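# Commentary on secondary and tertiary structure
Chain by chain, the residues run as shown.
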Amino acid sequence: MKKTKRLKNIFISAIHQNAGKTTIALGLFKNFQERKIKTSFMKPVGQETVTYEEKAIDKDTYLIGEVYHCKKHIKEMSPITVGRGYTEQYIREPQKQQLHDKILRSFQTITRGKDAIIVEGTGHAAVGSVIDCSNADVASLLGSKAIIVSGGGIGRAIDEIMLNKALFDLCKVPVLGVIINKVLPDKLDRIRNIVGKGLERKGIRLLGVIPEMDMLSAPTVEQIKDRLDLKVFSGEENLRTRVYDAIVAAMEPYNMIGHLRDGALVITSGDRVDNMLVAVSSYLLQQGRSVKVAGLILTGGLTPDHKIAGLLKDSHIPVLYSDQDTYTIAAAIENMTPKIQKTDRDKIHEARRLVKDYVNVDMILENL
């Protein structure tokens, strides 16, 4: 009699939003593929969506579907999306069984003929409780083993891991282990050693410690343009430039020079010609102290005269403009959390590399 393979079933949770679940999912999917493991992906409850074939699809699901060419059942990969007003409506008219049935049907469809599935949660273990679909509830429903993704640190990280584990324990979901993400590179060995011992005392495996990479949290000028609904003034051909810092240029040019860094996005009023010239000069310099800024945002609904405009265009530096004031734009950029998009090939490559180099994938597979 032929033995039936048991599905390798992982649920990726985290101690908070934006801890790096999608980065881990991207990397694990690729590592499983390299081991000839037929893998599927699912995000049962999504919040941020894109429209695909007239249906709201979770953004992370869409990303995985695009990157790994597995969009055949993309609607089942993203069975529930929580849009504006959904929560209030659900509280008035709960549909727990219907939601659970929908998730289960989708799960059964996308795991048919597969060896493994990576299920991505939303935020910490309790997120989704309001609609009876917390991460812990869904992991239990699907019979998954949970991996908890945590940020760097020692005491706080372990405290929050234990808080999340308590809910998984309550729902009888085995915790496979923990991945510590976004650790300062110079603290990598220390965190691996100390947190590893701390988790071992609690009976929890440490599956990996991943260093923080600035690139993974750096949006492109184009992504900032789209998120803030800005207009392009010039330099459209360089909108894919990555932004590593944002500088409010509300100072005199001789003071501004000391604040310029490679990859900085300079935000200045559209009538501050002096600061525009400093930014352009730094962009064009090739000798000596060369600083290549990522671009310019001109605020206040102001744009320079034709001579300065011509200089900006000749520099090919990405220049955006907005009717909003400088500090509103700066605050919006500060609060941005850029998600990996299908066009971020460098980020996707880096996510795969980080998981391969810093996560014990063999340990994960051995314990499924």
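Figured I'd write up the structure that's included with this text. (Residues numbered from 1 in each chain as written. Predicted model: local features only at pLDDT ≥ 70, side-chain atom pairs only at ≥ 80, totals over all residues. Heavy atoms only, no water.)

## Observations concerning the pattern of salt bridges
- Counting across every chain of the model gives 19 salt bridges.
- A salt bridge links Arg-192 to Asp-189; its shortest N-O distance comes to 2.8 Å. Here Asp-189 and Arg-192 lie together in helix α8 (residues 188-201), a separation of three residues that amounts to about one turn.
- Note on Asp-189: relative accessible area 57%, which makes it exposed. (Salt bridge = Lys/Arg side-chain N within 4 Å of Asp/Glu carboxyl O. Helix = DSSP H or I, 4+ residues; strand = E, 2+ residues; numbered from the N terminus. Buried < 20%, exposed > 50% of the residue type's maximum accessible area, 1.4 Å probe, protein only.)

## Some words on the sheet that holds strand β1 (residues 8-14)
- In spatial order, the strands read β2-β7-β1-β8-β9-β10; together these six strands make up an open sheet with parallel pairing. Looking at the sheet topology across the chains shown, the edges are occupied by β2 (39-42) and β10 (206-211). Geometrically, the sheet is characterised by an average inter-axis angle of 20° between neighbouring strands, direction not taken into account.
- Against the sheet, helix α5 (residues 96-111) touches β1, β2 and β7 (116-120), its axis set at about 160° to β2.
- With respect to the sheet, helix α6 (residues 135-142) is in contact with β1, β2 and β7, its orientation differing from that of β1 by roughly 180°. (Pairing = 2+ DSSP bridges. Axes fitted to C-alpha atoms, helices over the stretch in contact; angles between N-to-C directions. Contact = heavy atoms within 4.5 Å.)

## Here we look at the sheet that holds strand β15 (residues 319-321)
- Spatially, β11-β15-β14-β13-β12 is the arrangement adopted by the five strands of the open sheet, whose pairing is mixed. At either end of the open sheet lies a strand with only one pairing partner, and these are β11 (231-234) and β12 (245-248). Adjacent strand axes in the sheet meet at a mean angle of 25° when their direction is disregarded.
- Where strand β14 (residues 295-299) meets β15, three bridges bridge the pair, whose relative direction is parallel. Within the sheet, the bridge partner assigned to Leu-296 lies in β15 and is Val-319.
- Along the sheet face, helix α12 (residues 306-315) touches β11, β14 and β15 and points at about 90° away from the line of β11.

Keep in mind these numbers describe shape, not what the thing actually does.
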